[in-house]
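Residue strings, one per chain:
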Amino acid sequence: MSEKRIKILEENEAYASYQADLAFEKELNILRNDFYYQMIDSQSTALVDFMYRPLDTLSGDAYSARRINENRTFYLLVDGMGKGVSASFTAVIMTSFVNHLIDKMKEHNSFSMDMLIKESMDFIKPILLEDEVLAIDYICFDTYFGVLEYAKFAMPPFLLHTKENEIIKIKSNNTPLSKWQVSYKLDCYNIKNIDKFLFYSDGIVENSTEKNVPYAAFIEEDFRNSFTREEFKEKFFNRIIEQEDDLSLIFINRLDMQEETLIGKEVFATSLDELEHANEWYESIWTDIHDNEKDIYKAGIVFTELFMNAYEHGNLGLDSNLKHKYLEEDIYFEKLQELQDGCQKKITVEVYKVRELTDEYIITKICDDGDGFDTQTLSQIFRNSKKFNGRGVFVSRKNSMGIYYNSTGNCVLFLNKI
């Protein structure tokens, strides 16, 4: 083959790869996630985590996670038939349309699962090919009434974990969605006794394992023994040989943050002197209950970073650009002193110790009196980490089991395992 021919092929391959990357970037923009590094803090505190790992650049899986109002949240999981461009196109346009409907419903305070399902079905049916089907989950939580409303179209069973350590499987109540579909079923389930939820695509359960059986044989055991998505994810990848399909899951954990599990609470003034006091207080809580110096050190790093964020960015309202300007001019600490003088805002810290089967976890919650920030910016921050000015969020995520903000952005929670 001539050098010219080789060069043309290389250029074509590079262009195709570039276009695929652009398409995947657009796909990520379509997948709406209102809970990126967020907790749900109404009625009770819940952590919402996701895993989205396409096998190829374009994925036949798609998902959406939307906050409807203070008490209602909606989740969508879509699995297009087959692989490649066709499956990806169907999944993406369905997800995009559902998000559009939700935006319109929220504008008029008129969210309805029935209307959402009906209109999205009417939209997608003319687009589906005659032999094409779509597996899809419509999921809505209502924490006020304690119910889960759902319509499952041939997706794998939901897994629900009760406070008595039992696993409940909720199977599909609808056939796969096709262009010939004329009706659907919408059901409700009482979730007042449920503390964990797992929703997932079939790529999870059908993946081969080292035992030469599909992962479906292990998913209930691993879900039962996982406190967070990170623990479940680690168990999953330890069992499989390699990823065989698109992987999507939503892991929700309702935390036991009650008076009985609270082991420390303190309110601090907004000052640099209080930062040292807070660090000493926090370390003393850990040394009273744990003797592993590495664990205590890592928890202390996260606490210092997030407490400092609450102090300077939260209560003092110092943005990153101004902070860097003060640092370059070597007047940073003088400016902090000026800003904190007369500041009456407080920083409240709560520390909980909770048990999950044989393991114990420390939950630390730091809240300031500032205006907060738009937590959706974290999505762009982690996609473009080299452009991120701050280091606190990265350091905190690395040294804990996860960090989660409230919707306002003035309260953050992080987890450590004992």
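Look above for the structure.
Residues numbered from 1 in each chain as written. Predicted model: local features only at pLDDT ≥ 70, side-chain atom pairs only at ≥ 80, totals over all residues. Heavy atoms only, no water.

Asks: Can you walk me through a negative patch on the surface in this structure?
Replies: A cluster of acidic side chains, namely D273, E276, E280 and E283, defines a negative patch on the protein surface. Looking at where E276 falls in the secondary structure, it is placed in helix α7 (residues 272-289). (Patch = residues over 30% accessible without salt bridge, like charges linked within 9 Å, V, L, I, M, F, W, Y side chains within 5 Å. Areas by Shrake-Rupley, 256 points an atom, 1.4 Å probe, with all protein chains shown as cover. Salt bridge = Lys/Arg side-chain N within 4 Å of Asp/Glu carboxyl O. Lys, Arg positive; Asp, Glu negative; His and termini not counted. Charge placed at Lys NZ, Arg CZ, Asp CG, Glu CD. Helix = DSSP H or I, 4+ residues; strand = E, 2+ residues; numbered from the N terminus.)

Asks: Looking at this structure, how should I read the sheet that holds strand β15 (residues 403-405)?
Replies: Two strands in a sheet stick together by hydrogen bonds in their backbones, pointing the same way (parallel) or opposite ways (antiparallel). What the 5 strands build is an open sheet, ordered β12-β13-β14-β16-β15; its pairing is antiparallel. Either end of the sheet is taken by a strand with one partner, and the two such strands are β12 (262-269) and β15. Ignoring which end each strand starts from, the neighbouring axes of this sheet average 15° apart. Pairing analysis gives 7 bridges linking strand β14 (residues 359-368) to strand β16 (residues 411-417), with the strands arranged antiparallel. The partner of Y361 across the bridge, within β16, is K417. With respect to the sheet, helix α8 (residues 293-315) is in contact with β12, β13 (346-356), β14, β15 and β16, its orientation differing from that of β14 by roughly 15°. (Pairing = 2+ DSSP bridges. Axes fitted to C-alpha atoms, helices over the stretch in contact; angles between N-to-C directions. Contact = heavy atoms within 4.5 Å.)

Asks: What's the story with the state of the cysteines in this structure? I'm lost.
Replies: Two cysteines form a disulfide when their sulfur atoms are joined by a covalent bond. Scanning the model with the defined rule gives 1 disulfide in all. Here C367 is linked by a disulfide to C411, with a sulfur-sulfur distance of 2.1 Å. Of the two residues, C367 sits in strand β14 while C411 sits in strand β16, which places them 44 residues apart along the sequence. Under the relative-accessibility criterion, C411 is labelled buried at 4%. Free cysteine: C140, not disulfide-bonded; nearest cysteine sulfur from C188 at 8.9 Å. (Disulfide = S-S within 2.5 Å. Buried < 20%, exposed > 50% of the residue type's maximum accessible area, 1.4 Å probe, protein only.)

Asks: Would you mind going over the pairing of strand β11 (residues 247-254) with me for this structure?
Replies: Note on strand geometry: in a regular strand, side chains alternate between the two faces of the sheet. Summarising burial for β11: 7 of the 8 residues are buried, a large majority. Sheet topology note: the strand β2 (residues 44-53)/β11 ladder contains 8 bridges and is antiparallel. Note on β11: the bridge partner recorded for R53 is L247. Bridge analysis of strand β10 (residues 194-200) against β11 gives 5 bridges, and the strand direction is antiparallel. Along β11, the bridge assignment pairs L198 with F251.

Asks: Can you walk me through the nonpolar core in this structure?
Replies: Proteins that are soluble and globular tend to have nonpolar side chains buried together. Of all hydrophobic cores here, the largest spans 53 residues; its most connected members are F74, Y75 and Y138. It is helix α2 (residues 85-107) that provides the largest number of residues to this core, a total of 8 residues. In contact with F74, not counting residues within four places along its chain, are S64, A65, R66, I68, V98, I102, F111, M113, L116, Y138, I139 and C140. By size, the runner-up hydrophobic cluster in this structure holds 33 residues, among which are I285, L316, Y332 and C343. (Core = buried A, V, L, I, M, F, W, Y, C linked by side-chain atoms within 4.5 Å.)

Asks: Teacher, can you tell me more about the side chain of E132 here?
Replies: Here E132 shows up in the loop between α3 (113-124) and β5 (134-142). Side-chain polar atoms of E132 contact the side chain of T90, separated by 2.8 Å. In terms of polar contacts, E132 uses its side chain to reach the backbone amide nitrogen of L129, at 3.0 Å. In this structure E132 touches M81, S86, T90, I127, L177 and S178, once residues within four positions along its chain are discounted. (Polar contact = N/O pair within 3.5 Å; in protein donor to acceptor, adjacent residues only side chain to side chain.)

Take it as geometry only, folks, not as evidence of what the structure does.
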